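# Chains, contacts and geometry: an overview
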Amino acid sequence: MQTQEPAAPFVWPFEDASRAPFQVYTDAAIYAREQERLFRGPVWNFLCLECEIPNPGDYKTTFVGDAPIIVARAQDGSVNALVNRCAHKGALVCFKQRGNAPEFNCVYHNWTYDLTGALTGVAFRKGVGGKGGLDADFDFSAHGLERLRVETYGQMIFGTFSQETPPFRDYIGAELCANIDRVFVKPLKVLGYHSQILPNNWKLYAENNKDSYHASLLHVFHNTFGVVRPNMGGGVKISPNGWHHLSYTVRNADSDDAVGREKVRSLKESYKLHDARMMEHRLELGDLTTNAIQTVFPTLVVQQILNALAVRQIVPKGVDRTELVWTILGFADDDAQMQELRLQVNNLVGPAGLISMEDGCVGGWVQQAAKADPQAMTVMPMGGRGVEASEGSRVTEAAVRGFWRGWRALMGV
């Protein structure tokens, strides 16, 4: 009987991160390795917002990579992140996306856990009629739900499987924490959710958010209506290790007159808005920033586009499928007019957003084309070959190269 030779381990074929093989988007073995080395590695994974679980007993379900997670607030107010997998047979113990419950109960065999994940009850633990049941030395404390370390920053809750993950402020650095502090300056409230399935590997959407080069080229709305134009102020900030970034655009005094007349498809000067209310920009954050897209490696995006605030969570669903979950935000003290403005501006984002719909397409196009030759490569030459920040210019792929630097470090390639 002929046996198949095991596949050789993946090796990064280039000297630096200015090129990447299409194999990283199409290889199921690489995707499987990411679950252990990356998502269970020394990273902070976004879980949810504090305002989504404000009361004891509140919970929300989510994912870290492929792992299903419950985030619950216990009776003492503590936040717990638990793998949604019964310690007995491995069934899910929580099926709803969110709710309030005093405990979690597995429907398969009725094992019960409290809000910290501790095992509190086993059906027929003493058997029936003196027969069967658990051994006397069964240790309840050793059979709780698997727990993640939890940390909260900027009203966002993060979890990690690793004891080596540094504190969150050290993880992304003080300079990038400053933008979270700038945007989430008051208590938040959730205005709604969007969810969409992207027909591509999760890394393609992660790259897209770090790719400041494309913003004024792909997005007709950005360039035409002056949210992001190549001649506007701003720049790109990148954490020292390259993993995390902030791309931001600032409205200059002359930006409305000096559009930047390079012949690009995205500038449609004949386009007009019949209802321009969404373009009102109330300067609530104390600056002229029109667009700030921040990433926290590996799967979080913090968004400020005019007055549209949101977090985006990238959820891998297989080697060529990704769920993108948008949580649309406002401040708890918003009046009715401000909330209406945020909802108007929210038409720019989400699955059918006037800006975001284009990002929802391009990853699928790359995924399709990548299958032609997984050994071919994508190139990232804009702004050099390193991961240096770029003040005053967003015509750079430095942050994308930084993503690949982090990915390679965790994957060991």
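Residues numbered from 1 in each chain as written. Predicted model: local features only at pLDDT ≥ 70, side-chain atom pairs only at ≥ 80, totals over all residues. Heavy atoms only, no water.

### Digging into the overall build of the chain
In plain terms, the rule: Helix numbering and strand numbering both begin at the N terminus, where a helix is a DSSP run of H or I of at least 4 residues and a strand a DSSP run of E of at least 2. Within these notes, the globule rule equals 2.2 Å times the number of residues to the 0.38 power, and the radius of gyration is based on C-alpha atoms. When checking whether two residues touch, look at their non-hydrogen atoms; a contact exists if any pair is within 4.5 Å. Accessible surface is estimated by sampling points in the Shrake-Rupley manner with a 1.4 Å probe; for residues, cover comes only from the protein chains shown.
A count of helices and strands for the chain gives 10 helices and 20 strands. Here the C-alpha radius of gyration of the chain, 23 Å, is about what a compact globule of 413 residues would show, namely 22 Å. Each of the three principal axes of the chain carries a C-alpha extent, and together these read 85 × 65 × 35 Å. Long-range pairs, those at least 24 residues apart, make up 66% of the contacts in the chain between residues at least 6 apart in sequence. Accessible surface, the chain as shown: approximately 18,600 Å² in total, 53% of it carbon and sulfur.

### With respect to the packing of helix 5 (residues 202–210) against helix 10 (residues 398–411)
This is how the line gets drawn: Structural elements are reduced to axes, namely lines fitted to C-alpha atoms, with helices fitted over the stretch in contact, and the angle between N-to-C directions of any two is expressed from 0 to 180 degrees. Oblique is the label for any angle not under 35 degrees, not over 145, and not in the 65 to 115 range, which are roughly parallel, roughly antiparallel and roughly perpendicular in turn. Handedness of a crossing follows from how the near helix is turned relative to the far one, being left-handed for an anticlockwise turn of less than a right angle and right-handed for a clockwise one. Only Asp, Glu, Lys and Arg are considered charged, only Ala, Val, Leu, Ile, Met, Phe, Trp, Tyr, Cys and Pro nonpolar, and every remaining residue, Gly among them, polar.
Packing of helix 5 against helix 10 leaves a shortest axis separation of 8 Å and a crossing angle of 140°. It follows from the interaxial angle that helix 5 and helix 10 lie oblique. Relative to helix 10, helix 5 is oriented so that their crossing is right-handed. Residues Trp202, Lys203, Ala206, Glu207 and Lys210 of helix 5 form the contact with helix 10, whose participating residues are Ala399, Val400, Phe403, Trp404 and Trp407. Residues of the contact of helix 5 with helix 10, tallied by class, amount to 7 nonpolar, no polar and 3 charged.

### A word on helix 5
Heads up, the condition is: For the exposure calls, accessible area comes from a 1.4 Å probe over protein chains only, and a residue counts as buried if that area is under 20% of its type's maximum, exposed if over 50%, partly exposed in between.
Most of helix 5 sits inside the fold, with 9 of its 9 residues counted as buried. By the burial criterion, the buried members of helix 5 are Trp202, Lys203, Leu204, Tyr205, Ala206, Glu207, Asn208, Asn209 and Lys210.

### A closer look at a nonpolar patch on the surface
Selection rule: Candidate patch residues must exceed 30% relative accessible area and have no salt bridge, after which like charges are joined if within 9 Å and Val, Leu, Ile, Met, Phe, Trp or Tyr side chains if within 5 Å. The salt bridge definition used is simple: a Lys or Arg side-chain nitrogen within 4 Å of an Asp or Glu carboxyl oxygen.
Taken together, the side chains of Leu92, Phe95 and Val107 present a nonpolar region at the surface, about 320 Å² in accessible area. By the element assignment, Leu92 lies in the loop between strand 5 (79–83) and strand 6 (98–100).

### Details of the sheet that holds strand 16 (residues 300–305)
Quick reminder of the rule: The pairing criterion is simple: DSSP has to find at least two bridges between the two strands.
Spatial strand order, 12-18-17-16-15-14-13-20: 8 strands in an open sheet with antiparallel pairing. This sheet does not close on itself; its edge strands, each paired only once, are strand 12 (188–198) and strand 20 (390–391). In the sheet, strand 12 pairs with strand 18 (residues 322–331) via 10 bridges, with the strands oriented antiparallel. Residue pairing across strands places Ile197 opposite Glu323, the latter belonging to strand 18. Strand contacts of helix 5: strand 12, strand 14 (245–250), strand 15 (289–296), strand 16, strand 17 (308–316) and strand 18, with the helix running at about 150° to strand 17, the strand carrying the most contacts.

### Some points on the pattern of salt bridges
Taken as a whole and assessed by the stated rule, the structure comprises 11 salt bridges. A salt bridge links Arg85 to Glu146; the shortest N-O distance between them is 2.9 Å. With Arg85 in the loop between strand 5 and strand 6 and Glu146 in the loop between strand 9 (119–121) and strand 10 (147–153), this residue pair connects regions lying 61 residues apart in the sequence. Residue class for Arg85 comes out partly exposed when judged on its relative accessible area of 39%.

### So, the side chain of Thr299
Note on placement: Thr299 falls in the loop between strand 15 and strand 16. For Thr299, a relative accessible area of 5% translates into the label buried. The contacts of Thr299, once residues within four sequence positions are left out, are Phe39, Trp202, Arg312, Gln313 and Ile314.

### Some details on the environment of His88
Our working definition: Residues adjacent in sequence count toward polar contacts only when both atoms are side-chain atoms; beyond that, a polar contact is any pair of N or O atoms within 3.5 Å, and within protein one must be able to donate a hydrogen and the other to accept it.
Summarising the element assignment, His88 is placed in the loop between strand 5 and strand 6. For His88, a relative accessible area of 33% puts it in the partly exposed group. Sequence spacing of His88 and Cys106 is 18 residues, and the spatial spacing of their C-alpha atoms is 9.3 Å. Among all residues touching His88, those that are not within four sequence positions of it are His109, Trp111 and Tyr113. A polar side-chain atom of His88 sits 3.3 Å from a polar atom in the side chain of His109.

### Details of the domain arrangement of the chain
The condition that has to hold: Here the bounds of each domain stem from an automatic or database domain assignment. Two parts placed together each lose some accessible area; with a 1.4 Å probe, that loss summed over both constitutes the buried area.
According to the domain assignment, the chain contains domain 1 (45–150) and domain 2 (173–411). Computed over C-alpha atoms, the centres of domain 1 and domain 2 are 36 Å apart. At the junction of the two partners, domain 1 supplies 12 residues and domain 2 supplies 13 residues. Contact with domain 2 buries area across many residues of domain 1, yet Phe46, Leu49 and Cys51 alone supply 48% of it, more than any other trio. Connecting domain 1 to domain 2 are 0 salt bridges. Elements with a minimum of two residues in the side of domain 1 that touches domain 2: strand 2 (45–49) and strand 3 (58–64). By residue number, the principal contributor to the side of domain 1 that touches domain 2 is strand 2, which donates 4 residues. Split by residue class, the side of domain 1 that touches domain 2 holds 5 nonpolar, 3 polar and 4 charged.

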